[in-house]
Amino acid sequence: MNRIDTHLAASLAVQPMFIDGQWRPGGDAAAADDINPATGQAFARIAQASAQDVEDALASAHRARVAWAAMPAPEREALLLGAAEIIAQQADAIRDLIIEETGSVMLKAPWEVGYAIECLRVAAGCVRRPHGDTFPTSQPGQLSMTLRQPLGVVAGIAPFNSPFLLAMKKVAFALAAGNTFVLKPSELAPLSGLKIAEVFEAAGLPPGVLNVVPGSAEIVGQKLVSDPRVRLLTFTGSSRVGRLLAAEAGRHMKRVTLEMGGKSPLVVLRDADLDYAVDAAAFGIFYHQGQVCMASSRLIVEAPLYDAFCEKFVRKAHGIKVGDPRDPATIVGPLIRPSQCDFIARQLAESVAQGARILCGGTHDGPYFQPTVVADVTPDMPIYQEESFGPVTSILRAEDYEEALALANNTSAGLSSAIVTNDMQKAMDFALRAESGMVHINDATISDEPHIAFGGVKESGFGREGGMASIEEMTEVKWVTIQMGKRAFPF
Ligand code: NAD
């Protein structure tokens, strides 16, 4: 236990990968640095999977799938609950690992650990729930039913921003449904993925049921999306990569679920409690320095409140502490890489050249991007359309509710949305007409529970994750009939 911790990692020993229940170096002896975003320094070296390593991982998952699917429910439940308990015992060490690897602030890293624990508990509760139906039939003497069965091998590709939680959400429900798994963690956060393997190894998972293969998109990603043994590819990441994978999966007739990027609107109507709306918006965009798929990157405010909202929100943004992620007072820590700061700076510069006005922020010091608020934004600007994935939001003015709704829907993304109002008629109208997979009334756009269907529409993806929604995605329905007596065939 505790093979992976930041002290061991500090030695820069190469961290092996987990295949067929064994920790082993990559076949090519290739390794890559794992960089701490706050310091810019390597704090670990990670073995990189070769094509043969991925082949071994897939072969192992494929071998293990029949016995795993046949494991009695109480044993599978106990294993998932055992894994939750192991994480609870190591919560502080895993929190520190997440902080070091991704620059998560103290507000977010422990939440991520707690979510992973809950996720495993919810998954344990799902083990006995997959069920089929029985049907009346048009054929005399026929008994007709559906069975819900595991798919076999599921592969997961995970992003960097909540690497432990998001990979765990895939692994936990896939295993609960009776599938085996091959995980490619983000190359920006591989240790968090390897930690999941370590937890399950300690919980007693049979060899091959979970394999974790860090490595490049070209070698690992391509094999997972193209190999016929993988029955489902579950991807969380950017819309750009998701689109490529969906096309590739289509060529290989592979089932795919896509949890992708957002440009989520928070709508503030004229009757809203202004202070509350400002707090909801600030949490929605500055939490985890805006590196959240559900981030409130477009604030749409009805005209009568617009000026007051801008003033209060900018004041709130000025008060946000930026800096060391280990300081409990810090709200905005480092972005994952300096290149992300450069990307946002370019996005802002282009938008300003088109007429946008920066009300505060707009600059960065190393990896630390200042909380940034932009006004006079129009739908043709990059800052309106493209995900920034940083602590940057725009405030848009809407003359009335209908215009606010139209602005909210006027993007290619459709992950989350929120509305702040006491007018429940309009709030429910918004819930019905918002083009997003999730709508939160009188709340921030950021909300996630492990037992509730999470996911988007439009270019934010398809498929849902969480609780029984995951189980449905990760199982196959089979129709079975039994003819009692003899059927009367026509010839
Ligand atoms: P990314 O798309 O750059 O990478 C995600 C994963 O895909 C990584 O493991 C990466 O190695 C892999 N990958 C990249 N190119 C690939 C290819 N050609 N073939 C196979 N695999 C490939 O995303 P990121 O920067 O790690 O994460 C941020 C993005 O993820 C944001 O857009 C964010 O909105 C999104 N996200 C979505 C959700 C959600 O639930 N909807 C949750 C978290 C993050």
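All values reported here derive from a predicted model rather than from experimental measurement. (Residues numbered from 1 in each chain as written. Predicted model: local features only at pLDDT ≥ 70, side-chain atom pairs only at ≥ 80, totals over all residues. Heavy atoms only, no water.)

**So, the domain arrangement of the protein chain**
Going by this rule: Each domain's extent was defined by an automatic or database domain assignment. We call two residues in contact whenever any of their non-hydrogen atoms come within 4.5 Å of each other. Buried area is a sum: the accessible area each of two parts loses on coming together, probed at 1.4 Å, counted once for each and added. The salt bridge criterion pairs a side-chain nitrogen of Lys or Arg with a carboxyl oxygen of Asp or Glu, the two atoms within 4 Å. Starting at the N terminus, helices and strands are each numbered in turn, a helix being any DSSP run of H or I of at least four residues and a strand any DSSP run of E of at least two.
The assigned domain composition of the protein chain is domain 1 (12–259 + 455–476) and domain 2 (263–439). Facing 25 residues of domain 1, the contacting portion of domain 2 comprises 31 residues. Buried area between domain 1 and domain 2, summed over both chains or domains, comes out near 2300 Å², and the portion from carbon and sulfur atoms is 59%. Per-residue buried area on domain 1 facing domain 2 is highest for Val 105, Phe 160 and Lys 458; these three make up 23% of the total on that side. Counting every contact that joins domain 1 to domain 2 gives three salt bridges. Its salt-bridge partner being Asp 96, residue Arg 326 comes within 3.6 Å of it at the nearest N-O pair. Among the elements that take part in the side of domain 1 that touches domain 2, helix 4 (residues 91–102) stands out by supplying five residues, more than any other.

**A look at the UniProt feature "domain: Aldehyde dehydrogenase" (unreviewed entry) in the protein chain**
Put simply, the rule reads: UniProt positions are given in the numbering used here, feature names are shortened, and annotations may be inferred rather than shown by experiment.
Sites flagged by UniProt as "domain: Aldehyde dehydrogenase" (unreviewed entry) map to residues 27–480. Note that residues 27–480 is 43% helix and 20% strand, and that its end C-alpha atoms are spaced 44 Å apart.

**Regarding the packing of aromatic side chains**
What counts here: Any two rings among Phe, Tyr and Trp, with Trp reduced to its six-membered ring, count as a pair given centres within 6.5 Å; such a pair is stacked if its planes are under 30 degrees apart, edge-to-face if over 60, and tilted if neither. Accessible area is worked out with a 1.4 Å probe on protein chains only. A residue is then buried under 20% of its type maximum, exposed over 50%, and partly exposed in between. Geometrically, a charge over a ring is one whose NZ (Lys) or CZ (Arg) sits within 6 Å of the ring centre while staying within 35 degrees of the ring normal.
Throughout the structure, instances matching the rule amount to six aromatic pairs. Summarising the aromatic geometry, the rings of Phe 160 and Phe 389 are spaced 5.9 Å apart at their centres and angled 90° between planes, so their arrangement reads as edge-to-face. Placement of Phe 160 in the loop between strand 8 (153–157) and helix 6 (163–176) and of Phe 389 in the loop between helix 13 (382–385) and strand 19 (392–398) is noted, with a sequence separation of 229 residues between them. Per residue, the accessibility class of Phe 160 equals that of Phe 389, and both read buried. An aromatic cluster of three or more residues is present, and its members are Phe 286, Phe 309 and Phe 313. Cation over ring: Arg 298 sits above Tyr 384, and NZ or CZ is 4.9 Å from the ring centre.

**Remarks on the site of the ligand**
We apply this condition: Definition of nearness: a residue and a molecule or strand are near each other if at least one heavy atom of the residue lies within 4 Å of the molecule or strand. Definition of a polar contact: a pair of N or O atoms within 3.5 Å, with one able to donate and the other able to accept a hydrogen when the atoms are protein atoms, and with sequence-neighbouring residues admitted only if both atoms are side-chain atoms. Surface accessibility follows the Shrake-Rupley procedure with a 1.4 Å probe radius. Residue values consider only the protein chains on display as shielding.
Neighbouring the ligand are 27 residues; Ala 158, Lys 184, Glu 187, Ser 238 and Glu 387 lie closest to it. In this structure, an oxygen atom belonging to the ligand sits 2.8 Å away from a side-chain N or O atom of Lys 184. Summarising the interface, the protein chains cover 89% of the accessible area of the ligand, which totals 850 Å² for the free molecule. Of the residues forming the shell around the ligand, the biggest block, three residues, is contributed by helix 8 (residues 217–226). No fewer than three residues from each of domain 1 (12–259 + 455–476) and domain 2 (263–439) sit in the shell around the ligand.

**Description of the packing of helix 2 (residues 51–70) against helix 8**
Cut-off, in case you're wondering: Lines are fitted to the C-alpha atoms to define the axes, a helix being fitted only along its stretch in contact, and any angle between axes, read from their N-to-C directions, falls within 0 to 180 degrees. Left-handed describes a crossing in which the near helix is turned anticlockwise from the far one by less than a right angle; the clockwise case is right-handed. Think of it as three bins: nonpolar holds Ala, Val, Leu, Ile, Met, Phe, Trp, Tyr, Cys and Pro, charged holds Asp, Glu, Lys and Arg, and polar takes everything else, Gly as well.
Interhelical geometry of helix 2 versus helix 8 gives an angle of 35° and a closest axis separation of 9 Å. Here helix 2 runs over helix 8; the crossing is right-handed. For the pair formed by helix 2 and helix 8, the contact residues are Ala 51, Val 54, Glu 55 and Leu 58 on the first element and Ile 219, Val 220, Lys 223 and Leu 224 on the second. Residues that form the contact of helix 2 with helix 8 fall into these classes: six nonpolar, no polar and two charged.

**Overview of a nonpolar patch on the surface**
For clarity, the threshold we go by: Residues form patches when they are more than 30% accessible in relative terms and have no salt bridge. Like charges link within 9 Å. Nonpolar side chains (Val, Leu, Ile, Met, Phe, Trp, Tyr) link within 5 Å.
Residues Leu 143, Ile 482 and Met 484 make up a contiguous nonpolar surface patch of about 260 Å² in total accessible area. Assignment of secondary structure puts Ile 482 in strand 23 (residues 475–483). On the basis of relative accessible area, Ile 482 is assigned to the partly exposed category, the value being 38%.

**Description of the side chain of Asp 448**
With respect to the helices and strands, Asp 448 occurs in the loop between strand 21 (438–441) and strand 22 (461–462). Look at Asp 448 and you get buried, because its relative accessible area is 17%. Of the polar contacts made by the side chain of Asp 448, one reaches the side chain of Tyr 115; its length is 2.8 Å. A polar atom in the side chain of Asp 448 sits 3.1 Å from the side chain of Lys 169.

**Considerations on the UniProt feature "active site" (unreviewed entry) in the protein chain**
Annotation from UniProt places "active site" (unreviewed entry) at Glu 259. Take Glu 259: it is sitting in strand 12 (residues 255–259).

**Notes on the pattern of salt bridges**
One pass over the structure, following the stated rule, counts 33 salt bridges. Two residues, Asp 92 and Arg 95, come together in a salt bridge whose shortest N-O distance is 3.7 Å. Linking Asp 92 with Arg 95, this pair stays in helix 4, spanning three residues, or about one helical turn. Residue classification places Arg 95 among the buried residues on the basis of a relative accessible area of 19%. Two residues, Asp 275 and Lys 312, come together in a salt bridge whose shortest N-O distance is 2.5 Å. Here the residue Asp 275 occupies a position in helix 10 (residues 274–286), and Lys 312 occupies one in helix 11 (residues 303–318), the gap between them amounting to 37 residues. Its relative accessible area of 43% is what places Asp 275 among the partly exposed residues. Each member of the salt-bridge network shares a partner with another, and the members are Asp 92, Arg 95, Asp 96, Glu 100 and Arg 326.

**Things to note about the sheet that holds strand 5 (residues 42–47)**
Hydrogen bonds along the backbone pair up the strands of a sheet, which may run parallel or antiparallel. Where we set the bar: Note on pairing: two strands pair once DSSP finds at least 2 bridges between them.
Strand order in the open sheet formed by three strands is 1-5-4, and the pairing between neighbours is mixed. Looking at which strands have only one partner, the edges of the open sheet turn out to be strand 1 (14–15) and strand 4 (31–35). Pairing geometry for strand 1 and strand 5, over two bridges, is parallel. Note that in strand 5 the partner of Gln 15 across the bridge is Ile 46.

**Some points on the packing of helix 4 against helix 7 (residues 190–203)**
Under the convention used in this document: The scheme is simple: roughly parallel for angles under 35 degrees, roughly antiparallel for over 145, roughly perpendicular for 65 to 115, oblique for anything else.
Helix 7 packs onto helix 4 with a crossing angle of 155° between their chain directions and a minimal axis gap of 9 Å. By the angle class used here, helix 4 and helix 7 are roughly antiparallel. For the pair helix 4 and helix 7, the contacting residues are Ile 94, Leu 97, Ile 98 and Glu 101 in the first and Pro 190, Leu 191, Ser 192 and Lys 195 in the second. Of the residues that constitute the contact of helix 4 with helix 7, the class distribution is five nonpolar, one polar and two charged.

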